[in-house]
Amino acid sequence: MGAYILRRLLYAIPILIGVNLLTFALFFVVNTPDDMARLQLGAKHVTPEAIERWKVEHGYDKPLLLNAEAKGSEQFTDTIFFKHSAAMFVFEFGKGDDGRDIGNEIRTRMGPSLAIALPVLVIGLMVNITFALLMVFFRATYLDLWGVVLCVVLMSISGLFYIIAGQYFIAKLWNLLPISGFAGGIDGFRFILLPVLVSVVAGIGSGARWYRTIFLEEIGRDYVRTARAKGLSEVRVLFRHVLKNGMIPILTGVVVVLPLLFMGSLITESFFGIPGLGSYTIDAIQAQDFAVVRAMVFLGSFLYIIGLILTDISYSWVDPRVRLQ
Amino acid sequence: MTRAGTILLLGLSLGLTAGCSDSLNHPYPGSEADANVLYSAFSERPKHLDPARSYSSNEVEFTGQIYEPPLQYHFLKRPYELIPLTAEAVPTPRYLDAAGKPLPDDAPAAAIAESVYDIRIRPGIRYQPHPAFAQDAAGRYRYHALSATDVAGKIRIGDFEHSGTRELVAADYVYQIKRLAHPSLSSPIFGLMSEHIVGLKELGEAMQQVAKAQPDAVLNLDDFPLAGAEVVDRHTYRIRIRGKYPQFIYWLAMPFFAPVPWEAEVFYAQPGMADRNLTLDWQPVGTGPFYMAENDPNRRMVLKKNPHYHGETYPVDGNDEDRAAGLLADAGKPLPLVDAAVYSLEKETIPYWSKFLQGYYDSSGISSDSFDQAVQFTSGGDPQLTDSMRDKDIHLVTAVAASLWYVGFNMLDPVVGGLGEDRQKLRQALSIAFDYDEFISIFLNGRGIPAQGPIPPGLFGYVDGVDGLNPYVYEARDGAIQRRPVEAARKLLAEAGYPNGRNAKTGEPLVLYFDTMASGPDAKSRLDWMKKQLDKLNVQLVVRGTDYNRFQDKIRKGNAQLFEWGWNADYPDPENFLFLLYGLHKKVGTGGENAANYDNPEFNRLFERMKDMDNGPERQQVIDAMLEIVRRDAPWIFAYYPKSFGLRHGWVHNVKPNLMANNTLKYRRIDPALREARREAWNQPVLWPIALLIAALVAVIAPAAIAWRRHERKTA
């Protein structure tokens, strides 16, 4: 197992370099360092000298990938790509164009992102699995039929609608919760309730339908018939046997996203004023802050790779037939 | 009930009641309910709070309250008037010739080699409390020799146990002027100021050289002399300006020229500080009425009253209108009038608007989505609040911004550019065809005034009414300004060589290209409207949508034909708008602000004369001549002067739009008791939906439970 994990981690290095290179290429195809400088310096009184000074200050005065004027290894190391990318492999993200330390920002913003994403995942899983199992329990009855119809309706509605409707009814019309904002400590509970509620409801349709499909596949298997023949109640059959055997596809979907929970949700954070990493990424893209965009893409890729490794490990944990070599 | 269920319910009830009094949707801690705190929001986090760098309005909103330049704009007087802030008086320049000999005040600009401003600061002004000033009993600075280990665990300024203050001195102002040239600060006005302040350009070059040789070294600004800024005595400093630059006085009212104490720079330059975002760019140190008590630009920023503020009082001189509006009720009272201001990050307009209506924000702008809910127009076209707003005692505050939007013609373009009569007529025809009166009505909800020239209302040089109309686009009918009919545009177009929109020589249709950054569904209707305007003349308009960078690139290289652009005033002087048409500031070739690349020698000559003149009939005459030239040449379609609409609650007082001043927070007064009473009245929780939800759940679950039991029994 240890050797497998180490091998997977080593595979990650070329993947991360490739992702970095791709991000770099995509970013600089549409943005030159001059464009970045102009955006940062504003629209007024920007002189060519000011642009040059900004580029020097932020390390964008060098060639992009290859420094033909340098000698030896400096041809590759004295470039924008190397100067801005090498340190990331030891998680030194440097500073954003606004001068703020990116590592500090990530550490500060992970908490708020997790405060929303973790309860949404856990409560969402519980609600979706329970709802799916109930539909399976009442399969081929009017409850199953209307449950599926409800799921399709819920799936068909835009996520933004849930947010706006949630804010309008719960916070504005009924005055039950703050419409947006965030706070630390116990007071923060009031602020996360609404986004969590909205996100969970928005996810019921697709989640419950997906799990229903999984459970329906399981319910026709021999071991279920055997369990019933042993005289077990339907509840025990569903929650003890079907749920356990349906865990592999569920884990595939859940474990892989676990590390990505840190990255936050783009729209939810923006609408509810949650100072998480999702809104950080959006802001950076809008501000053409390459340092932050690059750091967030790197972090996202790294966490995704970790998620995939965790998924593999969880397979072997849930299904003893799977062995990692 | 299971144990987990009990804990969840307990948590829910705790969470719902924690931190608030009666309103469940209260976004602030209960302890702040009756506090003399002003609540506002910001939609985009500021990038820089260093006074050498901050320029955009969302940055100056904070730095304007913390830093104090020597001058400020009078809060109530119109037209805008500069008054002293930390200075003892508004300085008047002394003029010197090339030999350094004094010249009279009315000396011709060409004879003036230097303008000298002596600025005397009032003694006794003190900085906000800050650890950078903290000293021990022996007079040594406590926090000027910290290691990274000492800084570990400190994430905000308040984490430092000791703080101190000191008196503001003239050297702090000189220090800041030198900072404008600092290579690592990239001050947006360095380029402009280096043309005016003696020696600033050379200072920048010297610093750049040292910074290149020693990239990691912290530059000691005292090692770099600056001829154009020097300390005369403890409370007086001198600025030397090349030639005559009367507009310089306005810059002295901006945070760029506010003082920065050297102690702050030494403090923040220590190891480990920048990694924790403890920098002057994020943790300002000033003498203003407020200091930055909490700086979390991802969530909220809090300004608190500076305990050392120097006792400035509310202005006593206003006009009768101000008195009638209650703007003199606090005359003579010490400023600031609120103890703190809390700015929350609110990126989306819907929650911002909802919180304003709930009373959780004291004031608000009006987004397009909520405009109809807030404002209606009378039969005379005047805006007024809707009944629902008036019922809440909400007040409308309007002002014409010192800004201008225009459609520029690239004067280097072979089709629309040039100063020939045919081209003039072509541009005049297009100016008539673009009906911006209609545009304002459709797309701006009436929030704008059709522009008659480059100078917006409120600035010297602007002439109101029919006397100030653009005769090439408008005409006076029955004492009112009316746009010329489309027939006039068609006639001009024919005279320009395009009868019925076709080239008279080749018969080819006239096709024009409009470059814009606007895109998406919102912009589509506006762009369709633009095409429709030229359809009236049978001229085709091709819209070339592009992103910000490409658009800037096209303008810089002169590759655009028609484009939309705008300008916000830096200061209330016509020079700040007319320089946008000055030939020597052409975008192509010089990288200046003249995006249309307009270059009329007569206009240039008049501009050079006008910029150095004092306001008066003679200057007005020159400006009128310039306006005539520019209206005739029509390098721009003068689109509109935007009008800002804002709302405030009845508990907010002393609100008068001042489009030049950025330090007006100190004048605001609120009535916290009234606010809290209204918040409670407006935010009573409605609980029946919860009961209904529980009933609905029971209605759904009960048959399911019954069916389940039946199923179980059947199985058994």
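Note that this is a predicted model, so its numbers are computed, not measured.

We now examine the overall build of chain B. The number of helices and strands found in chain B is 23 helices and 25 strands. For a compact globule of 716 residues, the expected C-alpha radius of gyration is about 27 Å, and chain B comes in at 30 Å, within 12% of that figure. With the C-alpha coordinates aligned to their principal axes, the bounding extent of chain B is approximately 95 × 80 × 55 Å. For chain B, buried positions account for 53% of its 716 residues. With the model as given, the accessible surface of chain B reaches about 30,000 Å², and the carbon-plus-sulfur share is 53%.

This next bit is on the sheet that holds strand 8 (residues 236-242) of chain B. To summarise the sheet geometry, strands pair through backbone hydrogen bonds and adopt either a parallel or an antiparallel arrangement. All names here are of chain B. In space, the five strands of this open sheet follow the order 5-4-6-8-7, with antiparallel pairing throughout. Where the open sheet ends on each side, the last strands, each with one partner, are strand 5 (102-103) and strand 7 (229-233). Two elements, strand 4 (residues 94-96) and strand 6 (residues 114-120), share three bridges in a ladder whose sense is antiparallel. Counted as the bridge partner of R94 is V116 from strand 6. Where helix 4 (residues 170-179) meets the sheet, it contacts strand 7 and strand 8, and its direction lies at approximately 175 degrees from that of strand 7.

Residue and element names in this part refer to chain B. One open sheet accounts for four strands, arranged 1-11-10-9; its pairing is mixed. In this open sheet, the two edge strands, each paired with only one partner strand, are strand 1 (37-42) and strand 9 (290-296). Neighbour to neighbour, the strand axes of the sheet diverge by 20 degrees on average, direction disregarded. Strand direction decides the pairing type here: strand 1 and strand 11 (residues 340-345), joined by six bridges, are parallel. Residue pairing across strands places Y39 opposite V342, the latter belonging to strand 11. Relative to the sheet, helix 2 (residues 57-66) contacts strand 1, strand 9, strand 10 (300-305) and strand 11, its axis offset from that of strand 9 by approximately 140 degrees.

This structure, assessed with the given rule, holds 60 aromatic pairs over all chains. Between F24 of chain A and F290 of chain A, the ring centres sit 5.8 Å apart and the planes meet at 70 degrees, which makes this aromatic pair edge-to-face. Here F290 of chain A lies in helix 15 (residues 290-318) and F24 of chain A lies in helix 1 (residues 2-30), a separation of 266 residues in the sequence. Each member of the pair F24 of chain A and F290 of chain A is classed as buried. When the ring of Y245 of chain B is compared with that of F248 of chain B, the centres are 6.4 Å apart and the planes differ by 45 degrees; the resulting orientation is tilted. Here the basic side chain of R190 of chain A rests over the ring of F191 of chain A, its NZ or CZ set 5.2 Å away from the ring centre.

Turning our attention to helix 11 (residues 234-245) of chain A. Residue and element names in this part refer to chain A. For helix 11, built from 12 residues, the straight-helix expectation of 16 Å at 1.5 Å per residue is met to within 8% by its first-to-last C-alpha distance of 15 Å. All of the buried residues along helix 11 are E234, V237, L238, V242 and L243. Looking straight down helix 11, one finds that the buried residues subtend no more than 145 degrees of arc, so they occupy a single side. Along helix 11, the residues that are exposed and aim more than 90 degrees away from the buried face are R240 and K244.

Turning to a nonpolar patch on the surface, a few remarks are in order. Residues and elements named next belong to chain A. On the surface, Y142, L145, W146, V149, V153, I157 and F161 cluster together into a nonpolar patch covering about 710 Å² of accessible area. With five residues, the single largest contributor to the nonpolar patch is helix 7 (residues 142-156). When you line up the elements, W146 lands in helix 7.

In this assembly, 58 residues from chain A lie in contact with 72 residues from chain B. Across the interface of chain A and chain B, roughly 5,800 Å² is buried in total on both sides, 52% from carbon and sulfur atoms. The largest share of the area that chain A buries against chain B comes from K44, H45 and R53 of chain A, three residues that together contribute 14% of it. Where chain A meets chain B, there are four salt bridges. Between D275 of chain B and K95 of chain A there is a salt bridge whose closest N-O contact spans 3.9 Å. For the pair chain A and chain B, the interface holds 21 residue pairs in polar contact (both at pLDDT 80 or more). Its residues assigned to classes, the side of chain A that touches chain B comprises 27 nonpolar, 14 polar and 17 charged.

Right, let's talk about the packing of helix 6 (residues 102-137) of chain A against helix 14 (residues 277-286) of chain A for a bit. Residue and element names in this part refer to chain A. Between helix 6 and helix 14, the shortest axis-to-axis distance is 8 Å and the interhelical angle comes to 135 degrees. As judged from the angle between their axes, helix 6 and helix 14 are oblique. Residues I102, E105, I106, R109, M110 and S113 of helix 6 lie in contact with helix 14, whose contacting residues are L277, G278, S279 and Y280. Residues of the contact of helix 6 with helix 14, tallied by class, amount to five nonpolar, three polar and two charged.

In this section: the side chain of T546 of chain B. Structurally, T546 of chain B can be placed in the loop between strand 21 (540-545) and helix 17 (548-557). Dropping the residues within four chain positions of it, T546 of chain B is found in contact with T516, M517 and F551 of chain B.

As a further point, take the packing of helix 6 of chain A against helix 15 of chain A. The relative placement of two packed helices is expressed as an angle between their axes plus a distance between the axes. Residues and elements named next belong to chain A. In contact at an axis separation of 11 Å, helix 6 and helix 15 are set at 55 degrees when each is read in the N-to-C sense. Classed by the angle they form, the pair helix 6 and helix 15 counts as oblique. Crossing of helix 6 against helix 15: the hand is right-handed. Taken together, the residues of helix 15 that come into contact with helix 6 (itself represented by I102, I106 and M110) are A291, V292, A295, M296 and L299. Here the contact of helix 6 with helix 15 is built from residues that sort into eight nonpolar, no polar and no charged.

All names here are of chain B. When pLDDT is averaged along chain B, the result is 90; 96% of the residues meet or exceed 70. The low-confidence segment residues 1-21 (pLDDT under 50) makes 24 contacts with residues lying over four places distant or belonging to another chain. Here the prediction assigns the complex a pTM of 0.86, and the interface score ipTM is 0.81.

This part covers the nonpolar core. All names here are of chain B. In this structure, F248, W251 and F257 are the most contacted members of the largest nonpolar core, which totals 123 residues. The element best represented in this core is helix 21 (residues 617-633), accounting for six residues. Counting residues in each nonpolar core, the second largest holds 36 residues, with F409, L426, L512 and L527 among its members.

Moving on to the pattern of salt bridges. Scanning the entire structure with this criterion turns up 70 salt bridges over all chains. We note a salt bridge from R45 of chain B to E105 of chain A, for which the minimum N-O separation is 3.4 Å. Of this pair, R45 of chain B sits in the loop between strand 1 and helix 2 while E105 of chain A sits in helix 6, each in a different chain. Residue R45 of chain B is classed as buried on the basis of its relative accessible area of 13%.

Conventions adopted
- Residues numbered from 1 in each chain as written.
- Chains lettered and ligands numbered in written order.
- Predicted model: local features only at pLDDT ≥ 70, side-chain atom pairs only at ≥ 80, totals over all residues.
- Heavy atoms only, no water.
- Helix = DSSP H or I, 4+ residues; strand = E, 2+ residues; numbered from the N terminus.
- Rg over C-alpha atoms; globule rule 2.2 N^0.38 Å.
- Buried < 20%, exposed > 50% of the residue type's maximum accessible area, 1.4 Å probe, protein only.
- Areas by Shrake-Rupley, 256 points an atom, 1.4 Å probe, with all protein chains shown as cover.
- Pairing = 2+ DSSP bridges.
- Contact = heavy atoms within 4.5 Å.
- Axes fitted to C-alpha atoms, helices over the stretch in contact; angles between N-to-C directions.
- Phe/Tyr/Trp six-rings, centres within 6.5 Å; stacked < 30°, edge-to-face > 60°.
- Lys NZ or Arg CZ within 6 Å of the ring centre and 35° of its normal.
- Expected span 1.5 Å × (residues − 1).
- Arc of directions from axis to C-beta.
- Patch = residues over 30% accessible without salt bridge, like charges linked within 9 Å, V, L, I, M, F, W, Y side chains within 5 Å.
- Salt bridge = Lys/Arg side-chain N within 4 Å of Asp/Glu carboxyl O.
- Buried area = accessible area lost by both parts, 1.4 Å probe.
- Polar contact = N/O pair within 3.5 Å; in protein donor to acceptor, adjacent residues only side chain to side chain.
- Nonpolar A, V, L, I, M, F, W, Y, C, P; charged D, E, K, R; others polar.
- Parallel < 35°, antiparallel > 145°, perpendicular 65-115°, else oblique.
- Left-handed = near helix turned anticlockwise from the far one by under 90°.
- pLDDT = per-residue confidence, 0-100.
- Core = buried A, V, L, I, M, F, W, Y, C linked by side-chain atoms within 4.5 Å.

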